[in-house]
Amino acid sequence: TMASARRGLVSLLLIARHCTTSARVMTLSLADDLANSALKEARERDLKPVTITVVDEAGRVIVSKREDACGNTIPDFALAKSRSCVGMGMSTRALRDKYAEKPTQLACMATISPLAPFPGGVLLRGADGSSVIGAIGISGAAADEDEHCAVVAARSHGIVSEPASSQLEGPG
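About the thresholds
Residues numbered from 1 in each chain as written. Predicted model: local features only at pLDDT ≥ 70, side-chain atom pairs only at ≥ 80, totals over all residues. Heavy atoms only, no water. Helix = DSSP H or I, 4+ residues; strand = E, 2+ residues; numbered from the N terminus. Buried < 20%, exposed > 50% of the residue type's maximum accessible area, 1.4 Å probe, protein only. Contact = heavy atoms within 4.5 Å. pLDDT = per-residue confidence, 0-100. Core = buried A, V, L, I, M, F, W, Y, C linked by side-chain atoms within 4.5 Å.

**Section: the environment of Ser 165**
Then, number 1: The residue Ser 165 is located in the segment after strand S5 (160–162) in this model.
Then, number 2: Classification of Ser 165 by relative accessible area gives partly exposed; the value is 42%.
Then, number 3: Along the primary structure Ser 165 and Val 152 are separated by 13 residues, whereas in three dimensions their C-alpha atoms are 8.1 Å apart.
Then, number 4: The residues contacting Ser 165, other than those within four sequence positions of it, are Val 151 and Arg 155.

**Focus on the confidence of the model for the protein**
Then, number 1: Per-chain confidence: the protein averages 88 in pLDDT, with 85% of residues scoring 70 or above.
Then, number 2: In this model, residues 9–22 is a region of pLDDT below 50 whose contacts with residues beyond four sequence positions or in other chains number zero contacts.

**Brief notes about unusual backbone geometry**
Then, number 1: Along the chain, Glu 162 connects to Pro 163 via a cis peptide bond; the corresponding omega equals 0°.
Then, number 2: Following the sequence through the fold, Pro 163 ends up in the segment after S5.
Then, number 3: Located in the positive-phi region is Asp 46, a residue other than glycine, with phi close to 55°.
Then, number 4: Structurally, Asp 46 can be placed in the loop between helix H2 (28–44) and strand S1 (51–56).
Then, number 5: Although it is not a glycine, Ala 69 sits at a positive phi angle of roughly 70°.
Then, number 6: Within the secondary structure, Ala 69 is located in the loop between strand S2 (61–66) and helix H3 (74–88).

**Here we look at the nonpolar core**
Then, number 1: Ranked by size, the top nonpolar core spans 25 residues in total, and within it Met 26, Leu 34, Ile 52, Val 54, Leu 124, Ile 136 and Ile 138 carry the most contacts.
Then, number 2: For this core, the elements supplying multiple residues, two or more each, are H2, S1, strand S3 (121–125), strand S4 (132–139) and helix H6 (143–156).
Then, number 3: Tallying contributions element by element places H2 first for this core, with seven residues.
Then, number 4: Apart from the residues lying within four places of it in its own chain, the contact partners of Leu 34 are Met 26, Val 54, Leu 124, Ile 136, Ala 153, Ala 154, His 157 and Ile 159.
Then, number 5: The next biggest cluster of nonpolar side chains, apart from the first, holds six residues, and it includes Met 90, Leu 95, Tyr 99 and Met 109.

As structure tokens, this is what we get:
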């Protein structure tokens, strides 16, 4: 009927509108660029060897890069940081701060799913600032340094990150 055809057309238009206006998605190319930018910042700062893991909005690994001489547990921490972000919808710094007074609850939650309640996991949002497109988890240097590299990488690609700035950046 004409009514069902109209409904179908409206549905298609809504889908097309969503596809053209939806937030950026985590592609292999973008994930690789983010990881490379984070590695560049780590090398420019002469940090200890790091591993960078970039996941999409569902926590699926898109790119993971491990520098030479990086400890064998460091990749696990980078993955846990990135997945903690998308799983909890916040940075790992925010996760740590939120549960600072609730260590038993955090420990119980970590028995269900690996959580990394320490800086170095940065949540990535689309241009609209609301939709999560993925996360970067970095481990190997000091936690604030890990987080700094992820924030710098996101910013260099015009991606909204949580946190938006690094603890290593001066006020400004």
